[in-house]
Amino acid sequence: MPELPEVENIKIGLKPNVVGKRILDVKFSELVINSHLAARYALVKSKLKYFKENIIDKKILSLERRGKYLYFILDKGYMITHFGMTGAYFVVNSIDEIKNKNYNKHRHLIFKLDSGELLVYSDIRRFGELRFVDNIEEFKPFNNLAPEPFSEHALDHFMEKLDSKRYCMQKIKALLLEGSVFCGCGNIYACEILYQEKIHPEKLACELSHEEKVRLFKSLVKMLEFSIEQGGSTISDYVHSDGSEGNMQNFHKIYGKKVCPLGHTVENLIIKTRSSHYCPQCQKK
Ligand SMILES: [Zn+2]
């Protein structure tokens, strides 16, 4: 699943290829159309007619990221994308330029740009979400998100949440995945940072000292920054908008590993429905 560093890289790659261009048309795949007819609303969460009417003839003024969301700032309104597990954007002159067979096959939205290029949204597992909103303030998920981790108030916010009645008795691993506590961290980076900081994923927030919490936050921010520089992690199907892959997976120490760097057997716990890879020797309870 694209986490903050991966979405940031999608933004960096896509921005110079779309900003200043106008959307002339949008075509939906059969699958999207049929799912809307059956009221299942795959991928596009706005009504297709509404989405199309509001997207067509809009100029893309900028591209921004909030947490794991990417949004297009149009000359009127916003198009918001969440990539789910396997969403990706490509800017191409023709579909054949999408070399990855899976992405080529699972293309679901094709935006025609006034440059003659196509902006293609592909999604293999179809957990992604696209919607048009008039006003970014009316998009509720943004209101519940913690501040961006690189912003000034993010640390205070994180500490306040971990100390709060609501969260202090919860497992730290679950809290790292909670967007209202820390914004943009998913399963991979949560596993990695807990290994690096030698914290057992089932430790409760209140069992960590003040210093441990501060260090955990600062190290996680550093790891996300480093991952952005590395182009993010390509695990199964994450690729940049030019089809290239990230490099961060080469630095993973625990996620998806059988042994930790010290040779201990890695174990797996399910926390909040996600696999938590951890080392019971390095990360004591
Ligand atoms: Zn170990």
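For the structure itself, consult the block above.
Numbering of residues starts from 1 in each chain and follows the order in which that chain's sequence is written. Totals for whole chains, interfaces and linings use all residues, but because this is a predicted model, local features are given only for residues with pLDDT of at least 70 and pairs of side-chain atoms are given and counted only at 80 or more. With hydrogens and water set aside, each side-chain value is computed from the structure's full complement of heavy atoms.

Enquirer: How would you summarise helix α6 (residues 154–163) if you had to cite specific residues and measurements?
Expert: A simple rule labels every residue: compare its accessible area, found with a 1.4 Å probe on the protein chains alone, to the largest value its type can have, and call it buried under 20%, exposed over 50%, or partly exposed in between. Here a helix means four or more residues in a row that DSSP labels H or I, a strand means two or more in a row labelled E, and each is numbered from the N terminus. Ala 154, Leu 155, Phe 158, Met 159 and Leu 162 are the residues of α6 that are buried. Buried residues of α6, seen end-on, are gathered within an arc of 130° and therefore sit on one face of the element. Among the exposed residues of α6, those oriented more than 90 degrees off its buried face are Asp 156 and Glu 160. Contacts: residue pairs with any heavy atoms within 4.5 Å of one another. Buried positions along α6 lie against α7 (172–176) and α9 (210–229). Throughout, the arc means that of the directions going from the helix axis to the C-beta atoms.

Enquirer: Report on the sheet that holds strand β8 (residues 129–133), specifying residues and quantitative values.
Expert: In space, the four strands of this open sheet follow the order β2-β3-β4-β8, with antiparallel pairing throughout. With one partner strand each, in any of the chains shown, β2 (60–66) and β8 form the two edges of the open sheet. Going from strand to strand, the sheet's axes swing by 20° on average, the running direction of each strand aside. For two strands to count as paired, DSSP must find a minimum of two bridges between them. Note: strand β4 (residues 78–82) against β8, five bridges, orientation antiparallel. Paired with Met 79 across the strands is Phe 132, a residue of β8. Lying over the sheet, helix α1 (residues 4–18) contacts β2 and β3 (69–74), oriented at roughly 175° with respect to β2. Sheet strands touched by helix α3 (residues 48–55): β3, β4 and β8. Its angle to β8, the strand with the most contacts, is close to 60°. Orientation is described by axes fitted as lines to C-alpha atoms, over the contacting stretch for helices, and by angles from 0 to 180 degrees between their N-to-C directions.

Enquirer: So what's going on with the pattern of salt bridges? Which residues, and what values?
Expert: The working definition used for a salt bridge is a side-chain nitrogen of Lys or Arg within 4 Å of a carboxyl oxygen of Asp or Glu. Tallied over the entire structure, the rule returns 16 salt bridges. Here Glu 148 and Arg 66 are joined by a salt bridge, their closest N and O atoms 3.0 Å apart. With Glu 148 in the loop between α5 (140–144) and α6 and Arg 66 in strand β2, this pair connects stretches of sequence that are 82 residues apart. The burial state of Glu 148 is the same as that of Arg 66; both residues are buried. One salt bridge in this structure joins Arg 215 and Glu 197, with 2.7 Å as the shortest N-O distance. Residue Arg 215 is found in helix α9, and its partner Glu 197 is found in the loop between α8 (187–196) and α9; the two are separated by 18 residues along the sequence. By relative accessible area, which is 9% here, Glu 197 ends up buried. One continuous salt-bridge network, built from bridges that share partners, spans Glu 8, Lys 11, Arg 65, Arg 66 and Glu 148.

Enquirer: Which residues make up the coordination of the zinc ion, and what are the values?
Expert: For Na, K and Ca the donor cut-off is 3.2 Å, while for other metals it is 2.8 Å, and in both cases only N, O and S atoms qualify; water is not among them, so sites may look incomplete. Cys 260 (SG), His 264 (ND1), Cys 279 (SG) and Cys 282 (SG) make up the full set of protein donors to the zinc ion, lying at 2.2 to 2.3 Å. Irregular is the default label, applied whenever a site is not tetrahedral (four donors, all angles between 85 and 135 degrees) and neither square planar nor octahedral (four or six donors, opposite donors over 155 degrees apart, all other angles between 65 and 115). Taken together, the four donor atoms surrounding the zinc ion define angles of 99 to 122° at the centre, an arrangement classified as tetrahedral. In the primary structure, the donors to the zinc ion are separated according to the pattern C-x3-H-x14-C-x2-C. Of the two residues, Cys 260 sits in the loop between α9 and β9 (267–271) while Cys 282 sits in the segment after β10 (274–278), which places them 22 residues apart along the sequence. Pair check on accessibility: Cys 260 and Cys 282 agree, each one buried.

Enquirer: Please give an account of the sheet that holds strand β7 (residues 118–123) that cites residues and values.
Expert: Taken in spatial order, the four strands make up an open sheet running β1-β6-β7-β5, and their pairing is antiparallel. The sheet terminates laterally at β1 (23–28) and β5 (87–92), the two strands that pair on one side only. On average, each strand axis in the sheet is inclined to that of its neighbour by 15°, with strand direction left out of account. As paired elements, strand β6 (residues 107–113) and β7 share five bridges and run antiparallel to each other. What sits directly across from Phe 111, in β7, is Leu 119. In the packing of α3 onto the sheet, contacts are made with β1 and β6, and the angle to β1 comes to roughly 160°.

The values reported here are purely geometric and, on their own, carry no functional implication.
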